[in-house]
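Descriptive structure summary
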Amino acid sequence: MIDKFVASTAEAVAGIHDGATLLVGGFGGAGMPTDLIDALIEQGARELTVVNNNAGNHETGLAALIKAGRVRKMICSFPKASHSWVFDDLYRRGRIELECVPQGTIAERLRAAGAGLGGFYTPTAYGTELAAGKETREIDGRHYVFEKPLHGDFALVQADRADRWGNLTYRMSARNFGPVMCMAAATTIVQVRQRVELGELSPEAIVTPGIFVHRVAVVAEPAFSS
């Protein structure tokens, strides 16, 4: 019998290894899998490359992981904000690396990874420093930059409900990067507010099919939810 639920967030993040590339859902605080991140801090994995929309908020969730010294490199769209002082301080001191990727590009790179594509051309960032060293091409009079897919060893995602097969639904804007990150990771780990019985989720409501999900932990009252 297929049952992807595990007993705890600690069990969910077991096996995340040093040096892993980690896709972390969330748009700011909305959809941030804070409880899984807290469990990962306790687990101890280091030298991580983290992909997220931004570089953490305040000193919780992703910012707490960065503050703990576990992140070697951030790949994100918005590294600088009034509430991202943890990353900002470490970056200024040369303690963490940064790859800045436009938001639409980071989403499409994740989608390309999940779809098995070898890459895509986008006009975004053409003629800027972000295009340095990348292949460019003119198509029908417009210039494009070639971007490669963005794969993850693991994804940490917050969803709303799941059944034992790992089918997921999300809550409004907390959905954000979750679906494409689930597809782009070799192992997808999810925290959900509620476990439901198989068949209780309408097929039309399922956003992420269970084939893309490997471990699910119930966090009925998440540390941060939106």
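Quick summary incoming for the structure in this document. (Residues numbered from 1 in each chain as written. Predicted model: local features only at pLDDT ≥ 70, side-chain atom pairs only at ≥ 80, totals over all residues. Heavy atoms only, no water.)

So, the sheet that holds strand 6 (residues 136-139)
- In spatial order, the strands read 5-7-6; together these three strands make up an open sheet with antiparallel pairing. Edge positions in the sheet fall to strand 5 (120-122) and strand 6, since each of these pairs with one other strand and no more. Neighbour-to-neighbour, the strand axes of the sheet open up by a mean angle of 40°, direction not taken into account.
- Looking at chain direction, strand 6 and strand 7 (residues 142-147) are connected through four bridges and run antiparallel. Of the residues in strand 7, the one forming a bridge with threonine 136 is valine 145.
- In the packing of helix 5 (residues 103-115) onto the sheet, the strands contacted are strand 5 and strand 7, and the crossing angle to strand 5 comes to about 170°. (Pairing = 2+ DSSP bridges. Helix = DSSP H or I, 4+ residues; strand = E, 2+ residues; numbered from the N terminus. Axes fitted to C-alpha atoms, helices over the stretch in contact; angles between N-to-C directions. Contact = heavy atoms within 4.5 Å.)

Points about unusual backbone geometry
- Unusually for a residue other than glycine, glutamate 47 sits at a positive phi of about 55°.
- Of note, glutamate 47 is situated in the loop between helix 2 (34-43) and strand 2 (48-51).
- Although it is not a glycine, aspartate 140 adopts a positive phi angle of roughly 50°.
- Here aspartate 140 is to be found in the loop between strand 6 and strand 7.

Focus on the packing of aromatic side chains
- Applying the stated rule across the entire model yields two aromatic pairs.
- Judged by centre distance (5.6 Å) and plane angle (15°), the rings of phenylalanine 87 and tyrosine 91 are stacked. One end of the pair, phenylalanine 87, and the other, tyrosine 91, are both in helix 4 (residues 85-92), four residues apart, so they sit about a helical turn from each other.
- Given the relative accessible area of 2%, phenylalanine 87 is considered buried.
- Taking relative accessible area as the criterion, tyrosine 91 reaches 42% and is therefore assigned partly exposed. (Phe/Tyr/Trp six-rings, centres within 6.5 Å; stacked < 30°, edge-to-face > 60°. Buried < 20%, exposed > 50% of the residue type's maximum accessible area, 1.4 Å probe, protein only.)

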